[in-house]
Amino acid sequence: MMLDASHRFFHQGADALDVAPHLREILLTPNRIVKVELVIEADDGHLLHFHGYRVQHNRLRGPMKGGLRYHPSVDEDHASALAGLMTWKTAVVNVPYGGAKGGINCDPAELSRSELDRLTRMFVQQTRDVIGPTRDIPAPDMNTDASVMGWIMDEYTKYEGFSPAVVTGKPLDLFGSPGREEATGRGVVICIEEALKEQGRTPQGVTVAIQGYGNVGSHAGRILAGLGAKIVAVGDHAGGVANPEGLDAEALAAWVAERRTVKDFPGADAIEPAEVLTWDAEVLIPAAIEDVLTADNANDVRARLIVEAANGPTTPEADEIFHQRDIQVIPDILANAGGVTVSYFEWAQNIQQFRWDLDRVRDELGKIMRSAYADVRGMQKDLKVDARTAAFALALRRVGRAAMSRVHLSKPIEI
Ligand code: NAD
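Cut-offs used in this document
- Residues numbered from 1 in each chain as written.
- Predicted model: local features only at pLDDT ≥ 70, side-chain atom pairs only at ≥ 80, totals over all residues.
- Heavy atoms only, no water.
- Helix = DSSP H or I, 4+ residues; strand = E, 2+ residues; numbered from the N terminus.
- Rg over C-alpha atoms; globule rule 2.2 N^0.38 Å.
- Buried < 20%, exposed > 50% of the residue type's maximum accessible area, 1.4 Å probe, protein only.
- Contact = heavy atoms within 4.5 Å.
- Areas by Shrake-Rupley, 256 points an atom, 1.4 Å probe, with all protein chains shown as cover.
- Domains from an automatic or database assignment.
- Buried area = accessible area lost by both parts, 1.4 Å probe.
- Salt bridge = Lys/Arg side-chain N within 4 Å of Asp/Glu carboxyl O.
- Polar contact = N/O pair within 3.5 Å; in protein donor to acceptor, adjacent residues only side chain to side chain.
- Nonpolar A, V, L, I, M, F, W, Y, C, P; charged D, E, K, R; others polar.
- Near = heavy atom within 4 Å.
- Core = buried A, V, L, I, M, F, W, Y, C linked by side-chain atoms within 4.5 Å.
- Expected span 1.5 Å × (residues − 1).
- Axes fitted to C-alpha atoms, helices over the stretch in contact; angles between N-to-C directions.
- Parallel < 35°, antiparallel > 145°, perpendicular 65-115°, else oblique.

A. Highlighting the overall build of the protein chain. Scanning the protein chain from terminus to terminus reveals 13 helices and twelve strands. Here the protein chain has a C-alpha radius of gyration of 21 Å; the compact-globule value for 415 residues is 22 Å, and the two agree. Summarising its shape, the C-alpha atoms of the protein chain cover approximately 60 × 55 × 40 Å along the three principal directions. Evaluated residue by residue, the protein chain yields a buried proportion of 58% over its 415 residues. At a minimum sequence separation of 6, the contacts of the protein chain that also span at least 24 residues come to 67%. Surface accessibility of the protein chain: about 17300 Å² in total, with carbon and sulfur atoms responsible for 49%.

B. Broad picture of the domain arrangement of the protein chain. In terms of domains, the protein chain is made up of domain 1 (32-165) and domain 2 (183-335). The C-alpha-based centres of domain 1 and domain 2 are spaced at 29 Å. Between domain 1 and domain 2, the residue contacts involve eight residues of the former and five residues of the latter. Taken over both partners, the interface formed by domain 1 and domain 2 buries close to 630 Å², and the fraction arising from carbon and sulfur atoms is 58%. Contact with domain 2 buries area across many residues of domain 1, yet Leu85, Lys89 and Val92 alone supply 57% of it, more than any other trio. Linking domain 1 with domain 2 are zero salt bridges, by the criterion used here. Across the domain 1-domain 2 interface, the total number found is two residue pairs in polar contact (both at pLDDT 80 or more). Among the elements that take part in the side of domain 1 that touches domain 2, helix 3 (residues 76-92) stands out by supplying six residues, more than any other. Of the residues assigned to the side of domain 1 that touches domain 2, the class counts are four nonpolar, one polar and three charged.

C. Quick peek at the site of the ligand. Taken together, the neighbourhood of the ligand is formed by 18 residues, with Thr184, Tyr213, Asn215, Val216 and His237 sitting nearest. Taking Thr184, its side chain carries an N or O atom lying 2.7 Å from an oxygen atom of the ligand. Relative to its unbound accessible area of 840 Å², the ligand is 71% covered by the protein chains. Split into classes, the residues belonging to the shell around the ligand amount to seven nonpolar, eight polar and three charged.

D. The nonpolar core, seen in detail. One finds Ile192, Val208, Tyr213, Val234, Ile285, Val307 and Ile330 to be the most contacted residues of the largest nonpolar core, which totals 82 residues. Looking at which element gives the most residues to this core, the answer is helix 13 (residues 387-406), with ten residues. Built from parts of two domains, this core gets at least three residues from each of domain 1 (32-165) and domain 2 (183-335). Discounting chain neighbours no more than four positions away, the residues touching Val208 are Leu224, Ala229, Lys230, Ile231, Val232, Ala233, Ala281, Val283 and Ile285. Counting 26 residues, the second-largest nonpolar core is a separate cluster that includes Cys106, Leu111, Ile131 and Tyr156.

E. Representation of the environment of Ser6 within the structure. With respect to the helices, strands and loops of the structure, Ser6 is situated in helix 1 (residues 3-17). Owing to a relative accessible area of 7%, Ser6 belongs among the buried residues under this scheme.

F. Structural view of helix 3. Its 17 residues place the ends of helix 3 24 Å apart at the C-alpha level, agreeing with the 24 Å of an ideal helix rising 1.5 Å per residue. With 15 of 17 residues buried, helix 3 is to be regarded as a mostly interior element. In the segment just after helix 3, Asn94 is the residue with positive phi, at about 60 degrees.

G. Representation of the packing of helix 1 against helix 9 (residues 316-324). Put simply, helix 1 and helix 9 touch, their axes get as near as 10 Å, and they point 40 degrees apart. The orientation of helix 1 with respect to helix 9, classified from their angle, is oblique. From helix 1, Ala5, Arg8 and Phe9 reach across to helix 9, where they touch Pro316, Glu317 and Asp319. For the contact of helix 1 with helix 9, the residue count by class is three nonpolar, no polar and three charged.

What follows is the structure, given as structure tokens:
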């Protein structure tokens, strides 16, 4: 998602609350932007050279929180847009965090695991003064997994003493939380259940199309299938599959775990990857990449409910079309907040040196997601706006009020 689109959505929320221009400026500006040079020795002895970024957007409601992405496209603008979204997301689910995002402009496919390990440790050495359990807590994002989080914890601990709470999404054997891996997909499903409940329905028999069958898409698909929904189409970077009777969500996940794609999954018709977005299904879950629902395809979307599991899948132009067409959109800053919510549980468990069981994690996640859904709905009714605008307004109000409560202001601002 480009900075422009995220700012546009922010301003829609700010307009609904009539937030003054200078306060918008303050809330949009990142608190700190860190860019570091990373030089490591490659396995064959030559030098590799990258840049690492950490954009710390806002810390008014708690330590900053957000993923670390390893991808050639990582730069300051990209990290800034995603860091801002984290501030609004943590505020929507009301967990005690601000927002941050970062990464390294490398292509992990071209690096060995030991090169990645060295690169990650170099990043920690260069940023250890600005991250930490009470400052900024990284998490996995594109191309960074639980092992990378384990290396971050290990490196930080060398300097600062035992600090599992410096990072979340860690391996279970290294103070990770049960239920973290499935959390984003589970949160998506909770949003779908809440939306269906408003129509007096359950997921039983509901048809669903999913773009992306990685961590988020596959967990959402499996949980939904377990609740009786029919996953009728799935597409990813390499292919697409469909079956009007419903795909076997578990078998499809096992297939993808082995082959990295849904392509050629037996017992299904092959479709073009992009067709999944306009497939004949009641619910559409974009769970892959940003900017996939655009002015070019928004009029062809057949789903009546779109649940944004990915960050920034809808451009502002497509969003406007969905609004006009009366298609319900559950925005990313609500729909995919299950991940950061269970990251918060992991951090809380690490600080207390205490472990929750899976049932407790699922139960607490359910409470937080359902109450965030209700809060957004409440804001929608109060302000008479769509769900995305309401979610931004809710987040802005929470962050803005935290700002106003921190110091005495001779002219306090209503927000
Ligand atoms: P993942 O890498 O596990 O899976 C990504 C999926 O997207 C794969 O199925 C891949 O084939 C597909 N994909 C990639 N490029 C594509 C393209 N051009 N067209 C169609 N499909 C494509 O990633 P993930 O962790 O499941 O994350 C998916 C999305 O959810 C991302 O936008 C991410 O930012 C967002 N998200 C993830 C989490 C989390 O906890 N993992 C939390 C919040 C948001």
